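# Examining the three-dimensional arrangement
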Amino acid sequence: MPFYLRKQHFDIPPPTEKDWLKKDEEENFFLNDPDQLLDSLPQPFCMINKILKDLFERAWDRIEERRPLQETKQQSFTPLLCHPTNKLMVSGRVNCLSASEGYIFIGHSTGISVFSSTTCENLCTWEVTKLEICTIQLAVFGGTSHLLGTVDEMGFARLFLFVRENLLHIRSINEVEDISKRNICMALELSPESDYAGFLLQGSSESWLEIYRLPKDAWQKETEHLHAIALPGSGSVKDTGLNQLPVQEKSMVKK
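Described below are features of the structure shown in this document. (Residues numbered from 1 in each chain as written. Predicted model: local features only at pLDDT ≥ 70, side-chain atom pairs only at ≥ 80, totals over all residues. Heavy atoms only, no water.)

Here we take up the packing of aromatic side chains. Under the counting rule described, the total for this entry stands at seven aromatic pairs. Here Y103 and F162 contribute two aromatic rings whose centre-to-centre distance is 4.9 Å and whose plane-to-plane angle is 75°, an arrangement assigned as edge-to-face. Pair noted here: Y103 is in strand β2 (residues 103-108) and F162 is in strand β7 (residues 157-163), with a separation of 59 residues, a long-range link. The same class applies to Y103 and to F162, which are both buried. Given the relative accessible area of 1%, F162 is considered buried. These aromatic residues form a ring-pair network of at least three members: Y103, F105 and F162. (Phe/Tyr/Trp six-rings, centres within 6.5 Å; stacked < 30°, edge-to-face > 60°. Helix = DSSP H or I, 4+ residues; strand = E, 2+ residues; numbered from the N terminus. Buried < 20%, exposed > 50% of the residue type's maximum accessible area, 1.4 Å probe, protein only.)

Moving on, we come to the pattern of salt bridges. All told, the structure shown has six salt bridges when counted by the stated rule. For R67, the salt bridge is made with E64, and the minimal N-O distance between the two is 4.0 Å. Note that R67 and E64 are positioned in helix α2 (residues 45-76) at a spacing of three residues, about one turn of the helix. Overall, the relative accessible area of 39% leaves R67 in the partly exposed class. (Salt bridge = Lys/Arg side-chain N within 4 Å of Asp/Glu carboxyl O.)

This brings us to the environment of T223. Residue position: T223 is located in helix α3 (residues 216-230). In this structure T223 comes out as buried when scored by relative accessible area, which is 3%. In sequence terms T223 and F162 are 61 residues apart; their C-alpha atoms lie 9.8 Å from each other. Setting aside its immediate chain neighbours within four residues, T223 contacts L161 and L168. (Contact = heavy atoms within 4.5 Å.)

This is the structure in structure tokens:
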């Protein structure tokens, strides 16, 4: 039987690391050592990987060094326990409070109470049945007197004067007889010296800001007259007929 003989020898390439795996076996091949994946990375990725790994190990060593120090500091630190020196007895649920020098004003589920911050004595209380004060804003009203702005759970805003341990109800801002027609006070703000008062009101379809200039001089004269004659002692509460608030500015904010 005739056959063909090749005169030249076959050139067999030298074995390489990439040729040891046949193509038909690639799908069924799995590395047992995950670290071998890093060896197949080309440059410069292999060098970058080594640098990142070295940085990570250094950072982890720093963390391990600092952990015992933090644990030692936590064990040596003793928190300071502050125990109450006195108690304030308030009727109802307390919703808000505001403090000034010498006084604590508390809004609760039945009105407002004023306490002395030194003796914790209840100086005066303004109470109304089924009226829950939710917000109190405080401003200085000349010397030791204070102006209070409050908002109850129905959204009605009120102004009070606290003078010589007497709480005076000045005016209700948005209170109406027909509750279905009321405008809700969303927020209030008093200037630091009680010169202005701002009220953000919201109706059924619009919101607006009302800013009032407060007649401080007239109120001071009238409160001195009331204290001298109508209010015989401290701790009394009275609805006053002080001058109405003149509107200085009223501007629409949002529709």
